[in-house]
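Letter by letter, the chains look like this.
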Amino acid sequence: MSDEDPKVLARRAIELFSSDSSDRAADIFAAACRIHQQPGPFETVNPSHPSGWKAILETYHERVVASHDRESHRGGTGGAQYLDLADWEAMLQKFDAGFSNARVDLFEQVEQADIVCTRWQISADHTGHYAGAAPTRQRITWTGITMDRFEAGKIAESWFNWDKYSLAKGLGLIRR
């Protein structure tokens, strides 16, 4: 249990992507947390090929649109990928292996009851393999919004919505 301000914990959660962070996800997230984010289809299909875009759209429709119902607005995943704490820590390790000199900038935070919403930007150098892409040595910047729900002083549930297009373009997976 933490007595730390929820806005500070939400900031620390996003800053896990920063190269300067010394935090551990387990110190910020509850052991039984649920982290929701839309699937990253560019990680499993080749968008450089026309059939890849068809697969992306089909995947999006199956996982998000077809399953979109009233419950998804009240806490269900709505087709989003669900990660637990171990999955989240593994994803952070993959990020660290693929990027260096990562910087996180926070633009604003809003708190209401047990929810904190944070608008952020990440900039990082693509220096390792990530999402099937060889290092481009380019600086990539993308933005996003995270909504964190707190229980007993830790993040119990998180929803990530971020600019996958800018990341995929920076990785060289999209040519335009």
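See the structure printed just above.
Calculation notes
Residues numbered from 1 in each chain as written. Predicted model: local features only at pLDDT ≥ 70, side-chain atom pairs only at ≥ 80, totals over all residues. Heavy atoms only, no water. Helix = DSSP H or I, 4+ residues; strand = E, 2+ residues; numbered from the N terminus. Phe/Tyr/Trp six-rings, centres within 6.5 Å; stacked < 30°, edge-to-face > 60°. Buried < 20%, exposed > 50% of the residue type's maximum accessible area, 1.4 Å probe, protein only. Lys NZ or Arg CZ within 6 Å of the ring centre and 35° of its normal. Expected span 1.5 Å × (residues − 1). Arc of directions from axis to C-beta. Polar contact = N/O pair within 3.5 Å; in protein donor to acceptor, adjacent residues only side chain to side chain. Salt bridge = Lys/Arg side-chain N within 4 Å of Asp/Glu carboxyl O.

Draft legend 1. The arrangement of unusual backbone geometry in detail. Located in the positive-phi region is N101, a residue other than glycine, with phi close to 50°. When you line up the elements, N101 lands in strand β3 (residues 99–112).

Draft legend 2. Structural view of the packing of aromatic side chains. For the structure shown, the criterion picks out nine aromatic pairs. Ring geometry for F17 against F95: centres 5.1 Å apart, planes inclined by 90°, an arrangement best described as edge-to-face. Here F95 lies in helix α5 (residues 85–98) and F17 lies in the loop between α1 (6–14) and α2 (25–28), a separation of 78 residues in the sequence. In this structure, F17 and F95 share a single accessibility class: buried. When the centroid spacing of 6.3 Å and the interplanar angle of 85° are considered together, the rings of F95 and Y130 count as edge-to-face. Placement of F95 in helix α5 and of Y130 in the loop between β4 (115–126) and β5 (139–151) is noted, with a sequence separation of 35 residues between them. When its relative accessible area of 3% is taken as the criterion, F95 is described as buried. A relative accessible area of 11% places Y130 in the buried class. Feature note: the residues F17, F29, W88, F95, F99, Y130, W142 and F160 constitute an aromatic cluster, connected by ring pairs. Taking NZ or CZ as reference, K164 lies 4.3 Å from the ring centre of W162, over its face.

Draft legend 3. Inspection of α5 at higher detail. With 14 residues, α5 extends 20 Å between its outermost C-alpha atoms, agreeing within 8% with the 20 Å of an ideal straight helix rising 1.5 Å per residue. Among the residues making up α5, those that are buried are L85, W88, M91, L92, F95 and G98. Considered in projection along α5, the buried side chains sweep an arc of 145° and stay on one side of the axis. For α5, exposure combined with an orientation more than 90 degrees from the buried face picks out Q93, K94 and A97. For α5, the capping residue at the N-terminal end is D84, with a side-chain oxygen 3.2 Å from the backbone nitrogen of A86.

Draft legend 4. Inspection of the pattern of salt bridges at higher detail. For the coordinates displayed, the defined rule picks out nine salt bridges. Put simply, R12 and D23 hold a salt bridge, and the shortest N to O gap is 2.7 Å. Of this pair, R12 sits in helix α1 while D23 sits in the loop between α1 and α2, and the two are eleven residues apart along the sequence. The class for R12 is buried, based on a relative accessible area of 14%. Close ionic contact of D125 with R139 constitutes a salt bridge, the shortest N to O distance being 3.2 Å. In this pair, D125 sits in strand β4 while R139 sits in strand β5, placing the two residues 14 residues apart along the sequence. Here the salt bridges share partners, and the residues they tie into one network are E4, R12 and D23.

Functional significance is not addressed by these values, which are geometric in nature.
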